[in-house]
Amino acid sequence: MHVTFAVMCLGLALVFADQNLLAPNLTAIANDLGLDEKERDYKLGGQIAFAFFLLGAPASVLIGSLADYYSRTRLFAWTMLLGSCPNALAIWVTTFRELYWLRALTGIAVGGAAPLTYSLSSDLFDSTERTKMSAVTGLAMTLGVVFGQATSGFLGEKYGWRVPFVVVAIPGMCVAIVLMFFVEEPKRGAMESIEDEEHSQHHESLVRSRPTTPSIAERPSARVDFGEQAKRFTHKLRGIVSVRTVALFLAQGISGCVPWSMINTFFNDYLAQDKGLGVKHSTALLVTFSVGGMVGTVGAGWYGQKLYNEEPQKVSIFMGVSAIVGVFPTAYLVLADYRNSDFDIATKGLIAFVAGIIVCCVGVNIRAVLLNVLHPINRGTAFSLFMLTDDLGKGLGPLIVALLVDMLGRESAFFLSVLFWIPCGLLIGASSYTVPHDLQTVSERYQKDLAEENRLSRTD
């Protein structure tokens, strides 16, 4: 199972390496494809990010739902392949339209990877270890972003902006093959409480009874009752959203992703062009920010688990405060003047490092708390909803930022974007009132939903 987790984290890192491949070379890509400055921000920054959402959001819902019933390691492998192949084809891109659709296809991997990761991880770790697990998976995501951004920034300037896409795609394909043929699927519900063990085993038998590759030849008269499937899915969604902690976490997703959209999509090019740092220095500053994020992910994961084991609601307060405090150093990096002196770059690098530590305290803990207020037979679907709001923020966020840039200019628009962390922090903080009740009712909801699953399975 440790091998399963390690390979899964490696795959997750390579999926997230794809996210920031455009950012360091935004201006170079615009010049190569014949786009002006306004088109650079709106098309490369806004429209392509929205293309991620076009396929990433439905992929997140579909793949997350399938994760509750089918082999997650194989789903992860196919998801990675669907993301890596378009990256490999980017070497032949000559028009904006080609780039747009290739990036849209990679959204499938980005949208589907997280629900699969956390559904798998919940069956490898119990509730007392899930924040630490979330820290490791969060670290894998951040390492992937750092790898992709550094590859694009340092190789792109010398070898062209297309080469980094291939460099990321090849190891992604290799890991997908390993997942497909050599990694063991963990037992579903294996880490739940003893009182739920019998129910988990029964649900596992239901999962195994569903064919992973249905054959029409074997069942010529079989028909899919889409109405019944839709009814089942709707029932599951209602049950998930009725958990108040989940509802608050879903609500904060769109607001919280707007600042990240600015950082991941525009900030590297903004520092390189508008602040005069150049591609290498701006990439180094963003890598420093990401390294701070890795430190914050590990530290906040350890501290968050400590708080959770004391009183779970303390984690919500910690996350809410972190989101709001993170506004200040990040806003400074947007508004500051930059000089190409060693002292100034070192000072800004230190501030970026601290900002990365603070703003990454939320993600590692929110995913762990989300796992704990849910039960095994709806975690995949719930995380697909969580990633849907995340993708919605990442898709609409750059479009919102691009529109703000058109109205206010880059500096004011980016400063305003950072302020979106304030309502995000308030919503997360409010979950301190809902977490205790939702944790107490997990077992009750599990038995109720399992009984409904059994009833629907008998009618299929």
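Throughout this description, residue numbers start from 1 for each chain and increase along the sequence as written. Local features in this predicted model are restricted to residues of pLDDT 70 or higher, and side-chain atom pairs are both shown and tallied only at a pLDDT of 80 or more, whereas totals for entire chains, interfaces and linings draw on every residue. To get the side-chain values, take all heavy atoms of the structure and skip hydrogens and water.

Under an unreviewed UniProt entry, the protein has the name Major facilitator superfamily domain, general substrate transporter and belongs to Ostreococcus tauri. Of the protein, the UniProt comment under Sequence similarities (unreviewed entry) reads exactly: "Belongs to the major facilitator superfamily. Spinster (TC 2.A.1.49) family." According to UniProt, the comment filed for the protein under the heading Subcellular location (unreviewed entry) is "Membrane". UniProt positions are given in the numbering used here, feature names are shortened, and annotations may be inferred rather than shown by experiment.

Attention now goes to the overall build of the protein. A count of helices and strands for the protein gives 20 helices and zero strands. Expressed as a percentage of its 460 residues, the buried residues of the protein come to 58%. Only heavy atoms matter for contacts: two residues are in contact if any of them lie within 4.5 Å across the pair. The long-range share in the protein, meaning contacts at least 24 apart out of those at least 6 apart in sequence, stands at 85%. Exposure was quantified through the Shrake-Rupley algorithm and a 1.4 Å probe, taking into account, for residues, occlusion by the shown protein chains and nothing else. With an accessible surface of roughly 18900 Å², the protein has 65% of that area assigned to carbon and sulfur atoms. Only DSSP runs of H or I covering at least 4 residues are called helices, and only runs of E covering at least 2 are called strands; the numbering of each starts at the N terminus. Classification of residues uses two cut-offs on accessible area relative to the type maximum, computed with a 1.4 Å probe and protein chains only: under 20% is buried, over 50% is exposed, and between them is partly exposed.

So, on to the UniProt feature "signal peptide" (unreviewed entry) in the protein. UniProt marks residues 1-17 with the feature "signal peptide" (unreviewed entry), using the numbering shown here. Its end C-alpha atoms 24 Å apart, residues 1-17 is made of 88% helix and 0% strand.

Let us now look at the packing of helix H13 (residues 327-335) against helix H14 (residues 342-359). Interaxial angle, 0 to 180 degrees, is taken between N-to-C directions of lines fitted to C-alpha atoms, where a helix line uses only the stretch in contact. For the pair H13 and H14, the least separation of the axes is 8 Å and the interaxial angle reads 145°. The handedness of the crossing between H13 and H14 is left-handed. Residues Pro-329, Thr-330, Tyr-332 and Leu-333 of H13 pack against Lys-348, Ile-351, Ala-352, Ala-355, Ile-358 and Val-359 of H14. Just so you know the grouping, Ala, Val, Leu, Ile, Met, Phe, Trp, Tyr, Cys and Pro go in nonpolar, Asp, Glu, Lys and Arg go in charged, and all remaining residues, Gly too, go in polar. For the contact of H13 with H14, the residue count by class is eight nonpolar, one polar and one charged. By convention, the crossing between two helices is left-handed when the near helix turns anticlockwise from the far helix through less than a right angle, and right-handed when the turn is clockwise.

Now for helix H15 (residues 361-372). In this analysis, the expected span of each helix is defined as 1.5 Å times one less than the number of residues it contains. The end-to-end C-alpha separation of H15 is 18 Å, in line with the 16 Å expected for 12 residues at 1.5 Å each. Within H15, 11 of the 12 residues are buried, which leaves it mostly tucked inside the rest of the structure. Those residues of H15 not exposed but buried are Cys-361, Val-362, Val-364, Asn-365, Ile-366, Arg-367, Ala-368, Val-369, Leu-370, Leu-371 and Asn-372.

Let us now look at a nonpolar patch on the surface. Patch membership requires over 30% relative accessible area and the absence of a salt bridge. Like charges are linked within 9 Å, and nonpolar side chains (Val, Leu, Ile, Met, Phe, Trp, Tyr) within 5 Å. Whenever Lys or Arg places a side-chain nitrogen within 4 Å of a carboxyl oxygen from Asp or Glu, that contact is recorded as a salt bridge. Together, Tyr-42, Leu-403, Met-407, Leu-408 and Leu-416 make up a nonpolar patch on the protein surface, roughly 480 Å² of accessible area in all. When residues of the nonpolar patch are assigned to their parent elements, the largest contribution, three residues, is made by helix H16 (residues 379-408). Counting through the fold element by element, Leu-403 comes out in helix H16. On the accessibility criterion, Leu-403 (47% relative accessible area) is partly exposed.

Once that is clear, we can look at the side chain of Thr-283. Relative to the assigned elements, Thr-283 resides in helix H11 (residues 278-310). Of the residues examined, Thr-283 reaches a relative accessible area of 0% and is grouped as buried. Setting aside residues no more than four positions away along its own chain, Thr-283 makes contact with Pro-24, Gln-149, Ala-150, Gly-153, Phe-154 and Asn-268.

For the pair helix H3 (residues 37-66) and helix H10 (residues 244-274), the least separation of the axes is 10 Å and the interaxial angle reads 150°. Between H3 and H10, the angle falls in the class roughly antiparallel. Remark: the crossing between H3 and H10 carries right-handed chirality. Here Arg-40, Asp-41, Gly-45 and Gly-46 of H3 come into contact with H10, specifically with Thr-265, Phe-266, Asp-269 and Gln-273. For the contact of H3 with H10, the per-class residue count stands at one nonpolar, four polar and three charged. The cut-offs work like this: below 35 degrees is roughly parallel, past 145 is roughly antiparallel, 65 to 115 is roughly perpendicular, and the gaps in between are oblique.

We call a set of buried residues a nonpolar core when its members are Ala, Val, Leu, Ile, Met, Phe, Trp, Tyr or Cys and they connect through side-chain atoms within 4.5 Å of each other. Leu-44, Leu-99, Val-246, Met-262, Phe-267, Leu-271 and Phe-414 are the most contacted members of the largest nonpolar core, which totals 77 residues. If one sorts the elements of this core by residue count, H10 sits on top with 10 residues. For the domains described, the bounds stem from an automatic or database domain assignment. Both domains that meet at this core, namely domain 1 (1-186) and domain 2 (237-459), each give it at least three residues. If we skip the residues at most four places from it in the chain, Phe-414 touches Met-262, Phe-266, Tyr-270, Val-334, Val-401 and Val-405. By size, the runner-up hydrophobic cluster in this structure holds 36 residues, among which are Val-110, Leu-116, Ala-140 and Leu-179.

On to the confidence of the model for the protein, then. Across the protein, the average pLDDT comes to 79, with 80% of residues at or above 70. Predicted confidence for residues 194-224 stays below pLDDT 50, and this span has 31 contacts to residues more than four positions away or in other chains. Confidence of the predictor at the level of single residues is given by pLDDT, which spans 0 to 100.

By secondary structure assignment, the location of Lys-187 is in the loop between helix H7 (163-182) and helix H8 (197-209). Lys-187 gets classed as partly exposed once you look at its relative accessible area, which sits at 37%. Put simply, Lys-187 and Met-1 are 186 residues apart on the chain and 10.0 Å apart in space, counted from C-alpha to C-alpha.

Turning our attention to the pattern of salt bridges. Evaluation of the coordinates by the stated rule reveals 14 salt bridges. Measuring nitrogen to oxygen at the nearest pair gives 2.8 Å for the salt bridge that ties Arg-162 to Asp-32. In this pair, Arg-162 is assigned in the loop between helix H6 (130-159) and H7 and Asp-32 in helix H2 (residues 26-32), connecting sequence segments 130 residues apart. By relative accessible area, Asp-32 is classed as partly exposed at 40%.

Let us look at the packing of aromatic side chains. Centre distance within 6.5 Å is the pairing criterion for rings of Phe, Tyr and Trp, where only the six-membered ring of Trp is used; planes under 30 degrees apart are then read as stacked, over 60 as edge-to-face, and the remainder as tilted. Taken as a whole and assessed by the stated rule, the structure comprises 10 aromatic pairs. Pairing Tyr-100 with Trp-101 gives two aromatic rings, centres 5.1 Å apart and planes at 85°, and the pair type is edge-to-face. The exposure class of Tyr-100 is buried, given its relative accessible area of 15%. Aromatic side chains Trp-260 and Trp-421 sit 5.7 Å apart centroid to centroid with 80° between the ring planes, which places their arrangement in the edge-to-face category. With Trp-260 in helix H10 and Trp-421 in helix H18 (residues 421-430), the pair connects residues that are 161 residues apart, well separated along the chain.

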